[in-house]
Amino acid sequence: MKREVPLALTFLMTLLRFLFEMINPLLNYEISEGVMLFSRISFSVTFMYCMGLFMGLINLTRVHGNTIKRRREHWIYSVWLLIVLYGYAILGLFFGGLESEAFNWIYDAVIVPLDSTMFSMLAFFIASAAYRAFKIRNVESLLMMVVAFIVMLGNVSLGNAIWGSESWLGGFSGIKDWLLAIPNAASQRAIGIGVFLGAYAAILRVALGLEKRYLGGTDW
Amino acid sequence: MSTDPQILVQAICTLACYSYLIKENFAYRIAEYTLVALYTSYQITRLFHSFIKPYWQNYAIGEKQYYFILMGALGLLLYTRYAPPQYRWLARYPIALSVGWGLGGAIARSPRPVFTQLMDVMRPLNTANNVLFFVFFMAVMSYFFFTTGKESKFIQGSGRLGRYIMMIGFGTAFGNTVQGRISLFLNRLSFLLTDWLGISI
């Protein structure tokens, strides 16, 4: 009842969706005018898991609530996080939602710049990590570094100024295009096929009930 | 310098983030915690207004598709994870249903893009590039061929070539990633100099 029924449900839902995807008349079955059976089941499943949308809010509240309660290091930032979390959620849920001017103003003024700045900082971290950890010890690491260097030069106008695209082999830009189109594409395809086979095997294990960890701990 | 309050807030947020490059400090931590909180709330709002509210109004109430109420109630079982231990197993039901639905889609749909790529690998061997592409592809595949990997000199050799080809692939990925991040950095720099300080570059 606690584990067996959910496992059976997973298998049945997998089978149901698979049949819908494979049998076209079933996929396009109209339950009423313009209403497809597949889309309604799909929407109802989406509706079901969207009901869990407050779990992120609850988890953050539990984690940061504990930090505040136990006065752990940096607890004052947790107070700030909870104020912002609930303030913005209340603004979004009860005061106009996605069309609200204040909601969108905060999104454009804070979330967009913070998000892109956080990602842009990775440029410094990658450069610093590469400087510290990347040593040319063998042919493989030499190849990787030379290729990375050529690709970077091929993408910028400095590379074009040093070795222009009109000159022999198309310059850095021409070599970069060839590297991307032939060795890179060949290696990505081969790796992609390996990844697909592994992932497909994992999917089948879950569908057949051989893999049960997604259902959570065994103590409950 | 811009007097638009939104641009000022954007500039403060950007500088607060970059202050981490000197050392970890109050401004960066506030920026970090603010982003986590705002993003969570944004996603909650988006999901609520894009799925929960319209689906409830249009299908459950409008079209009288009452199974949406049943599915909604099943979805609420997810919160039994926070209940006393004897009720927590109830959360497995919505997880099982949504995982199963997703798996069925993945089993049916995921082979298609891979087979499309495999078809592209089978190019006519009429140009040097096509021959090289096929040789490189087979070399990388042979690197992952462990059945006779140790015994066969041929597989060992082609596996070594495959390793070199993969390093070329990783090199291009590394170069592109670094440049992608640098272009994001330049975008922020351009915002600070042009939009905020009004310096034309």
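Residues numbered from 1 in each chain as written. Chains lettered and ligands numbered in written order. Predicted model: local features only at pLDDT ≥ 70, side-chain atom pairs only at ≥ 80, totals over all residues.

## Looking at the overall build of chain B
Looking only at helices and strands, chain B has seven helices and zero strands in total. Ordered by position from the N terminus, the helices and strands of chain B form the series α-α-α-α-α-α-α. Taken against the 2.2 N^0.38 rule, which gives 17 Å for 201 residues, the C-alpha radius of gyration of chain B at 27 Å runs more than 25% over that of a compact globule. Structurally, chain B occupies a C-alpha span of about 65 × 60 × 40 Å along its principal axes. In chain B, 21% of the contacts between residues at least 6 apart in sequence involve partners at least 24 apart. (Helix = DSSP H or I, 4+ residues; strand = E, 2+ residues; numbered from the N terminus. Rg over C-alpha atoms; globule rule 2.2 N^0.38 Å. Contact = placed C-beta atoms within 7 Å.)

## Focus: the overall build of chain A
Helix and strand counts for chain A stand at nine helices and two strands. The linear arrangement of helices and strands in chain A, starting from the amino end, is α-α-β-β-α-α-α-α-α-α-α. The C-alpha atoms of chain A give 26 Å as radius of gyration, which overshoots the globular expectation for 220 residues (17 Å, by more than 25%). Seen through its C-alpha atoms, chain A measures out along the principal axes to roughly 65 × 55 × 45 Å. Residues counted as buried form 25% of the 220 residues belonging to chain A. Relative to all contacts within chain A whose residues are 6 or more apart in sequence, the contacts with residues 24 or more apart total 25%. (Buried ≥ 20, exposed ≤ 12 C-beta atoms within 10 Å, placed from the backbone.)

## Remarks on the interface of chain A and chain B
At the junction of the two partners, chain A supplies 97 residues and chain B supplies 97 residues. Elements that contribute at least two residues to the side of chain A that touches chain B include exactly α1 (4-22), α3 (37-50), α4 (55-69), α5 (75-94), α6 (101-133), α7 (139-155) and α9 (171-207) of chain A. At 20 residues, the largest contribution of residues to the side of chain A that touches chain B is made by α6 of chain A. Here the side of chain A that touches chain B is composed, by residue class, of 70 nonpolar, 19 polar and eight charged. (Nonpolar A, V, L, I, M, F, W, Y, C, P; charged D, E, K, R; others polar.)

## Quick word on the confidence of the model for chain B
Should the pLDDT be low somewhere, the predicted coordinates at that spot are not to be read in detail. Across chain B, pLDDT averages 92, with 99% of residues at or above 70. Predicted complex metrics record ipTM = 0.86 and pTM = 0.86. (pLDDT = per-residue confidence, 0-100.)

## Structural notes on the packing of α9 of chain A against helix α6 (residues 128-143) of chain B
Interhelical geometry of α9 of chain A versus α6 of chain B gives an angle of 35° and a closest axis separation of 8 Å. With respect to the hand of their crossing, α9 of chain A and α6 of chain B are arranged in right-handed fashion. Here α9 of chain A contributes I182, P183, A186, S187, R189, A190 and I191 of chain A to the contact with α6 of chain B, which in turn contributes N129, L132, F133, F136, F137, V140 and M141 of chain B. (Axes fitted to C-alpha atoms, helices over the stretch in contact; angles between N-to-C directions. Left-handed = near helix turned anticlockwise from the far one by under 90°.)

## Section: unusual backbone geometry
Glycine aside, residues mostly have negative phi, and peptide bonds are mostly found in the trans state. Residue and element names in this part refer to chain A. The residue R71 is not glycine, and still its phi comes out positive at about 50°. Tracing the sequence through the fold places R71 in the loop between α4 and α5. Residues other than glycine seldom take positive phi values, yet L169 does so here, at roughly 65°. Turning to its location among the elements, L169 is positioned in the loop between α8 (157-162) and α9. Looking at L169, the number of C-beta atoms within 10 Å reads 11, which means it is exposed.

## Comments concerning the packing of α9 of chain A against helix α7 (residues 153-196) of chain B
Where α9 of chain A meets α7 of chain B, the axes come as close as 8 Å, and the angle between the chain directions of the two elements is 115°. One finds that α9 of chain A runs roughly perpendicular with respect to α7 of chain B. In this structure, the crossing between α9 of chain A and α7 of chain B has a hand that is left-handed. Along its contact with α9 of chain A, which presents L179, L180, P183, N184, A186, S187 and Q188 of chain A, the element α7 of chain B presents I165, M166, I168, G169 and T172 of chain B. (Parallel < 35°, antiparallel > 145°, perpendicular 65-115°, else oblique.)

## Structural notes on α9 of chain A
Here α9 of chain A is 37 residues long and its end C-alpha atoms lie 51 Å apart, about the 54 Å a rise of 1.5 Å per residue gives. At N184 of chain A, α9 of chain A shows its maximal kink, close to 40°. (Expected span 1.5 Å × (residues − 1). Bend = angle between axes of the 7 residues up to and from the residue.)

## Observations regarding α7 of chain B
The terminal C-alpha atoms of α7 of chain B, which comprises 44 residues, lie 63 Å apart, in line with the 64 Å expected from a rise of 1.5 Å per residue. The complete set of buried residues in α7 of chain B reads G162, I165, M166, M167, I168, G169, G171, T172, F174, G175 and R188 of chain B. Residues of α7 of chain B that are buried in the fold lie against α6, α7 and α9 of chain A together with α1 (5-18) and α6 of chain B. Positive backbone phi, at 75°, marks G198 of chain B, one or two positions downstream of α7 of chain B.

## A closer look at the environment of I155 of chain B
Residue and element names in this part refer to chain B. On the secondary structure map, I155 appears in helix α7. For I155, a count of 18 C-beta atoms within 10 Å corresponds to the partly exposed category. Taking the C-alpha atoms as reference points, I155 and Y143, separated by twelve residues in sequence, lie 7.6 Å from one another.

## What about the confidence of the model for chain A?
Mean pLDDT over chain A stands at 91; residues scoring 70 or higher make up 98%. Ranking the helices and strands of chain A by mean pLDDT puts α5 of chain A first, with 96, and helix α2 (residues 24-27) of chain A last, with 82.

## As for the nonpolar core
If you look at the biggest cluster of nonpolar residues, it comprises 26 residues, and the most contacted ones within it are V147 and A186 of chain A together with F136, F137, V140 and I165 of chain B. For this core, the secondary-structure elements that each account for two or more residues are α7 and α9 of chain A together with α6 and α7 of chain B. With eight residues, the top contributor of residues to this core is α7 of chain A. Setting aside chain neighbours within four positions, we find V147 of chain A in contact with L179 of chain A together with I168, G171, T172 and G175 of chain B. One finds F47 of chain A together with L78, I95 and L97 of chain B within the second-largest nonpolar core, a separate group that totals 24 residues. (Core = buried A, V, L, I, M, F, W, Y, C linked by C-beta atoms within 7 Å.)

## A word on the environment of M138 of chain B
Along the chain, the position of M138 of chain B falls in helix α6. For the pair M138 of chain B and G169 of chain B, spaced 31 residues apart in sequence, the C-alpha to C-alpha distance is 15 Å.

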